[in-house]
Protein chains: 2
Amino acid sequence: MKKLINNPEDVVPDALQGMQAAHGDVLRVMIDPHYLCRADAPVQGKVALVSGGGSGHEPMHGGFVGPGMLDAACPGEVFTSPTPDQMLEATKAVDGGAGVLHIVKNYTGDVLNFEMAADLAREENIEVEAVVIDDDVAVQDSLYTAGRRGVGATVLAEKVCGGAAEEKRSLKEVADLCRKVNGNGRSMGMALTSCIVPAAGAPTFDLGEDEMEIGIGIHGEPGRERISLAPAREVVERLAGPIVEDLSLQQGDNVLAFVNSMGGTPLIELYIVFNELKKLLSGRGVNIARNLIGPYITSLEMAGCSITLLKLDDELTRLWDAPVSTPGLTWGA
Amino acid sequence: MKKLINNPEDVVPDALQGMQAAHGDVLRVMIDPHYLCRADAPVQGKVALVSGGGSGHEPMHGGFVGPGMLDAACPGEVFTSPTPDQMLEATKAVDGGAGVLHIVKNYTGDVLNFEMAADLAREENIEVEAVVIDDDVAVQDSLYTAGRRGVGATVLAEKVCGGAAEEKRSLKEVADLCRKVNGNGRSMGMALTSCIVPAAGAPTFDLGEDEMEIGIGIHGEPGRERISLAPAREVVERLAGPIVEDLSLQQGDNVLAFVNSMGGTPLIELYIVFNELKKLLSGRGVNIARNLIGPYITSLEMAGCSITLLKLDDELTRLWDAPVSTPGLTWGA
């Protein structure tokens, strides 16, 4: 296992200490239980956004804590759901009296634990809504999931809802926007290589030297099919085709196109993928009005990429463009 | 070779088309010869900054074109110097009457070609200064270099000089600042794996499953030593120790600490490295006043990292903080 780590069991606490050391001016890393929150939390009168999930997907979610995006993030062990007490403490810490939205990726552990945390928070008179993101069109059910998995649309939902919360919109309105992003967003990913979970020390799955997996999950869950290595053009067709179909994209539609590295794929390849995606969508009359290209929801060092398309309207576009200032995403601020 | 590409010979043009497709609102990708420049170039009365080098180090340099950083970048083939005609055409396109600074990484081909381009530009009555960056403390001479290699400090020089140029400072002043960053900045990198140059199709070097290379170059040039896999703590000592010594850092000094992914190393590991770096520097009384953590000067998909330290004063800090708006680096704008 070739990784820049100390002990496998210290990966998450060491990385969180690094986050605190690097970004202590804008966020606080809390210990026992672990969560990250805005340094200025709670922001009075603003709906607070809390997300979380297993570590290993950085910068998601901790790197998205800050003005214009999340108020708090709960990191679990690598590829392991955080616990209800993390979520409860984060919820209490960021509640500014206007309620708290839980943005939850659809994995069984995450969903159950966030439900439990919401119940406990409500007992303490905090208003909580939860929206489950399930945007992955690859498979209907998966290794850790009933229904579709939650992947790239989560990044977009956190940004859009963060913009709406800064405008002091109500909890119901922010939750409705989150459901809208989930309804308008679809994703699919692929892997060229497996990643290695530090505590396991061996690849999560085996993939031949001439093979790739289409429809992979962000924890290495099986995808739709294993095929021989193919050019970027064909990879993009296999990922974007089902997304375009599922979203029923029509000529004249505007989309946000998000090309994401799974962690080990460098930017030069993402731009080649983006170029093919632009050609594919142009051929169908679909306009890429906004884009995001880089490693934002990763799977440790897995090589591969995912594509997320979000159908835009004026409201979503305006909230996407709103200022954001987090370690992982910054503009206009 | 597992990469998201079409044909190996199309990697650079395909990626540049992707850059144009993604960022055409802020930059222009010119063909024959290839260069990228700010969409609003030339900016009258502002010193223009031009850099360039082999592709494969993205986002450097093309991703740093925009207000507050570069006016143009010249991409060569992967790990191959761009040609003098690219540099000449870029220089002519961005000259706004206040002169042009060439920021050149110290590799023999880059240095010779930028010298030739500067001579040709001067014949066309464009004032040109060039600063060669040679911040890599790993080895004295290298495979493609007489003297030290130019690596991470280049990113910092492009940002600091970009800030100064926006303030309409003179060519001499901006060039002096570039020399100051080079004088105050030192780097060292390491690799866990080799990368594969697409046209070669095979790893640039062989590294055993239990080995890493300390002092690697960004094209896979040999480093100082090959050692057995070691914890992040020890890797940081081996990289940062020689930097601290070379810069003669003293108790009370302020530095910018830049922890860079070579391309295949994910963010979670960079934060572990940053945490160790912070501990090492704190132990010597050196304060990390600013930081940059992520993949900014990469070597395709190579796994590994580099550390750059820049000794700060008030002027460098202020220019680092100045607004920047490029595909690869954005804040305050």
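About the criteria used
- Residues numbered from 1 in each chain as written.
- Chains lettered and ligands numbered in written order.
- Predicted model: local features only at pLDDT ≥ 70, side-chain atom pairs only at ≥ 80, totals over all residues.
- Heavy atoms only, no water.
- Phe/Tyr/Trp six-rings, centres within 6.5 Å; stacked < 30°, edge-to-face > 60°.
- Helix = DSSP H or I, 4+ residues; strand = E, 2+ residues; numbered from the N terminus.
- Buried < 20%, exposed > 50% of the residue type's maximum accessible area, 1.4 Å probe, protein only.
- Pairing = 2+ DSSP bridges.
- Axes fitted to C-alpha atoms, helices over the stretch in contact; angles between N-to-C directions.
- Parallel < 35°, antiparallel > 145°, perpendicular 65-115°, else oblique.
- Contact = heavy atoms within 4.5 Å.
- Nonpolar A, V, L, I, M, F, W, Y, C, P; charged D, E, K, R; others polar.
- Expected span 1.5 Å × (residues − 1).
- Bend = angle between axes of the 7 residues up to and from the residue.
- Buried area = accessible area lost by both parts, 1.4 Å probe.
- Salt bridge = Lys/Arg side-chain N within 4 Å of Asp/Glu carboxyl O.
- Polar contact = N/O pair within 3.5 Å; in protein donor to acceptor, adjacent residues only side chain to side chain.
- Domains from an automatic or database assignment.

Concerning the packing of aromatic side chains
All names here are of chain B.
- For the coordinates displayed, the defined rule picks out four aromatic pairs over all chains.
- Residues Trp320 and Trp331 carry aromatic rings whose centres are separated by 5.3 Å and whose planes lie at 55 degrees to one another, so their mutual orientation is tilted. Placement of Trp320 in helix 8 (residues 314–321) and of Trp331 in strand 14 (residues 330–331) is noted, with a sequence separation of 11 residues between them.

Considering the pairing of strand 7 (residues 185–191) of chain A
All names here are of chain A.
- Counting buried residues along strand 7, seven of its seven residues qualify, which places the element largely inside the surrounding structure.
- Residues Gly185, Ser187, Gly189 and Ala191 point to one face of strand 7 and Arg186, Met188 and Met190 to the other, with burial holding for every one of them.
- As paired strands, strand 7 and strand 12 (residues 304–311) are joined by seven bridges and run antiparallel to one another. Opposite Met190, over in strand 12, you have Cys305 as the bridge partner.
- Strand direction decides the pairing type here: strand 7 and strand 8 (residues 211–214), joined by two bridges, are antiparallel. Of the residues in strand 8, the one forming a bridge with Ala191 is Glu213.

Regarding the packing of helix 4 (residues 153–166) of chain B against helix 8 of chain B
Residue and element names in this part refer to chain B.
- At a minimum axis distance of 8 Å, the contact between helix 4 and helix 8 shows a crossing angle of 90 degrees. Viewed along their axes, helix 4 and helix 8 adopt a mutual orientation that is roughly perpendicular. Here Leu156, Lys159, Val160, Gly163 and Ala164 of helix 4 come into contact with helix 8, specifically with Leu316, Leu319 and Trp320.
- Counted by class, the contact of helix 4 with helix 8 contains six nonpolar, one polar and one charged residues.

With respect to the sheet that holds strand 12 of chain A
All names here are of chain A.
- Taken in spatial order, the six strands line up as 9-8-7-12-10-11 in an open sheet, and their pairing is mixed. Each of the sheet's edge strands pairs with one partner strand only, and the pair in question is strand 9 (225–228) and strand 11 (287–294). Pairwise comparison of adjacent strand axes, ignoring direction, gives a mean angle of 20 degrees for this sheet.
- Strand direction decides the pairing type here: strand 8 and strand 9, joined by four bridges, are antiparallel. Along strand 9, the bridge assignment pairs Glu211 with Ser228.
- This element, helix 8 (residues 314–321), spans strand 10 (254–261), strand 11 and strand 12 of the sheet and lies at about 35 degrees to strand 11.

Some thoughts on helix 6 (residues 232–246) of chain B
All names here are of chain B.
- Over its 15 residues, helix 6 runs 21 Å from end to end, which matches the ideal 21 Å to within 8%, given 1.5 Å per residue.
- If you look at helix 6, its biggest bend is around 30 degrees, right at Ala240, and the proline Pro242 turns up within four residues after that.
- Those residues of helix 6 that fall on the buried side of the exposure criterion are Ala232, Val235, Val236, Leu239, Ala240, Gly241, Pro242, Ile243 and Val244.
- Buried residues belonging to helix 6 abut strand 7 (185–191), strand 8 (211–214), helix 7 (267–283) and strand 12 (304–311).
- Where helix 6 ends, the next residue or the one after it, Ser248, has phi of about 50 degrees, a positive value.

Looking at the interface of chain A and chain B
- Contacts between the two partners involve 58 residues from chain A and, on the opposite side, 58 residues from chain B.
- A per-residue breakdown of the area chain A buries against chain B is headed by Lys2(A), Leu4(A) and Ile268(A), which together make up 21% of the total.
- Linking chain A with chain B are zero salt bridges, by the criterion used here.
- Here chain A and chain B share 22 residue pairs in polar contact (both at pLDDT 80 or more) between them.
- Listed by contribution, the elements that provide at least two residues to the side of chain A that touches chain B are helix 1 (11–23), helix 6 (232–246), helix 7 (267–283), strand 11, strand 12 and strand 14 (330–331) of chain A.
- For the side of chain A that touches chain B, the leading source of residues is helix 7 of chain A, giving 10 residues.
- Broken down by class, the residue content of the side of chain A that touches chain B amounts to 30 nonpolar, 16 polar and 12 charged.

Remarks on the environment of Pro82(B)
Residues and elements named next belong to chain B.
- For Pro82, the position within the fold is in the loop between strand 4 (72–78) and helix 2 (84–94).
- Note on Pro82: relative accessible area 0%, which makes it buried.
- In sequence terms Pro82 and Gly53 are 29 residues apart; their C-alpha atoms lie 5.7 Å from each other.
- Setting aside chain neighbours within four positions, we find Pro82 in contact with Gly52, Gly53, Gly54, Cys74, Pro75, Gly76, Met87, Asp110 and Asn113.

Looking at the domain arrangement of chain A
All names here are of chain A.
- One can read the domain layout of chain A as domain 1 (10–184) and domain 2 (185–321).
- A separation of 22 Å is found between the C-alpha centroids of domain 1 and domain 2.
- Contacts between domain 1 and domain 2 engage 39 residues on the former and 39 residues on the latter.
- For the pairing of domain 1 and domain 2, the buried interface totals around 3,200 Å² over both sides, and the portion due to carbon and sulfur atoms is 63%.
- In terms of surface lost to domain 2, no three residues of domain 1 exceed Phe79, Leu156 and Asn184, which account for 20% of the buried area on that side.
- In this assembly, domain 1 and domain 2 are joined by five salt bridges.
- Between Arg318 and Glu167 there is a salt bridge whose closest N-O contact spans 2.5 Å.
- Our count for the contact surface shared by domain 1 and domain 2 stands at 22 residue pairs in polar contact (both at pLDDT 80 or more).
- Elements that contribute at least two residues to the side of domain 1 that touches domain 2 include exactly helix 4 (153–166) and helix 5 (171–184).

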